[in-house]
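# Reading the structure
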Amino acid sequence: MAKVQHYKGLNTNLDNLYSSIKQLLQDQKELRIVSEYKGFLNSIPLRSIVAANTSPKVWAGSLREIHVSITGNPDDYAVEVASGAWFGSLVWPGAVGLLVGGPVGLAAGVAVGGIMAYEFEKHVWQKVLEVVKKESAVQPTIDSVDHYHD
């Protein structure tokens, strides 16, 4: 799953925004930054960071990683927060549910794992939006899109 927010006309310092988002991820005790990229994608500036979830909740169904990307220039950019390993995040609670409660337990385990993953991603998304608002010069005109993918 991914969430994308588009911002126009803000003249935001994207290096400062990236640094603030990186600090936000570093401040989350359950996240560890595993990769960063600053460069271009099809001639468009791209800054990207991936943080792995080190929490024991990962085994109970929480997301395994968060990807945050900033694409564009100071006056026209998009921020994307995407999560990784959804299927892997649901396997363990589903298997435990199946062993404990059969098919009904399987469904319950997958549901609980999915809810935990959704809540974790939502928490990170909210924090990233707060950082964007703080780093932006004016109140943004926002186009928001939720993308659902595997």
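Notes on the structure in this doc start here. (Residues numbered from 1 in each chain as written. Predicted model: local features only at pLDDT ≥ 70, side-chain atom pairs only at ≥ 80, totals over all residues. Heavy atoms only, no water.)

This paragraph deals with the overall build of the protein. Summing up its helical and strand segments, the protein has 2 helices and 6 strands in all. Taken from the N to the C terminus, the helices and strands of the protein come in the order β-α-β-β-β-β-α-β. Within the protein, the proportion of its 150 residues that are buried is 43%. Sequence separation of 24 or more characterises 62% of the internal contacts of the protein that already satisfy a separation of 6 or more. (Helix = DSSP H or I, 4+ residues; strand = E, 2+ residues; numbered from the N terminus. Buried < 20%, exposed > 50% of the residue type's maximum accessible area, 1.4 Å probe, protein only. Contact = heavy atoms within 4.5 Å.)

Glancing now at the pattern of salt bridges. For the structure shown, the criterion picks out 2 salt bridges. Residues arginine 47 and aspartate 15 are paired through a salt bridge, measuring 3.1 Å at the closest nitrogen-oxygen approach. Of this pair, arginine 47 sits in strand E3 (residues 44-53) while aspartate 15 sits in helix H1 (residues 14-27); the two residues are 32 residues apart in sequence, bridging distant segments of the chain. (Salt bridge = Lys/Arg side-chain N within 4 Å of Asp/Glu carboxyl O.)

Our focus in this paragraph is unusual backbone geometry. Negative phi is the rule for most residues except glycine; trans is the rule for most peptide bonds. The residue asparagine 42 is not glycine, and still its phi comes out positive at about 55 degrees. If you trace the backbone, asparagine 42 turns up in the loop between strand E2 (31-41) and E3. Residue serine 43 is not a glycine yet carries a positive backbone phi of 65 degrees. As for its placement among the helices and strands, serine 43 is situated in the loop between E2 and E3.

This part takes up H1. In this model, H1 (14 residues) spans 20 Å end to end at C-alpha, consistent with the 20 Å of a helix rising 1.5 Å per residue. Leu14, Leu17, Tyr18, Ser20, Ile21, Leu24 and Leu25 are the residues of H1 that are buried. Angular distribution of buried residues about the axis of H1 spans 165 degrees; they occupy a single face of the element. A distance of 3.0 Å separates the backbone nitrogen of aspartate 15 from a side-chain oxygen at the start of H1, and that oxygen is part of asparagine 13. (Expected span 1.5 Å × (residues − 1). Arc of directions from axis to C-beta. Polar contact = N/O pair within 3.5 Å; in protein donor to acceptor, adjacent residues only side chain to side chain.)

A complete count under the given rule lists 1 aromatic pair for this structure. Between tyrosine 7 and tyrosine 77 the ring centres are 5.2 Å apart and the planes differ by 20 degrees, which places this aromatic pair in the stacked class. On the criterion of sequence distance, the pair formed by tyrosine 7 in strand E1 (residues 2-8) and tyrosine 77 in strand E5 (residues 76-84) is long-range, its members being 70 residues apart. For the pair formed by tyrosine 7 and tyrosine 77, the shared burial category is buried. (Phe/Tyr/Trp six-rings, centres within 6.5 Å; stacked < 30°, edge-to-face > 60°.)

Attention now goes to the nonpolar core. Proteins that are soluble and globular tend to have nonpolar side chains buried together. In this structure, Leu17, Tyr77 and Val128 are the most contacted members of the largest nonpolar core, which totals 23 residues. Secondary-structure elements contributing two or more residues to this core are H1, E3, strand E4 (65-73), E5 and helix H2 (86-135). Contact partners of leucine 17, with chain neighbours within four places excluded, come to Thr12, Ile70, Tyr77, Val79, Val131, Val132 and Glu135. (Core = buried A, V, L, I, M, F, W, Y, C linked by side-chain atoms within 4.5 Å.)

Spatial relationships are all this shows, so hold off on functional conclusions.
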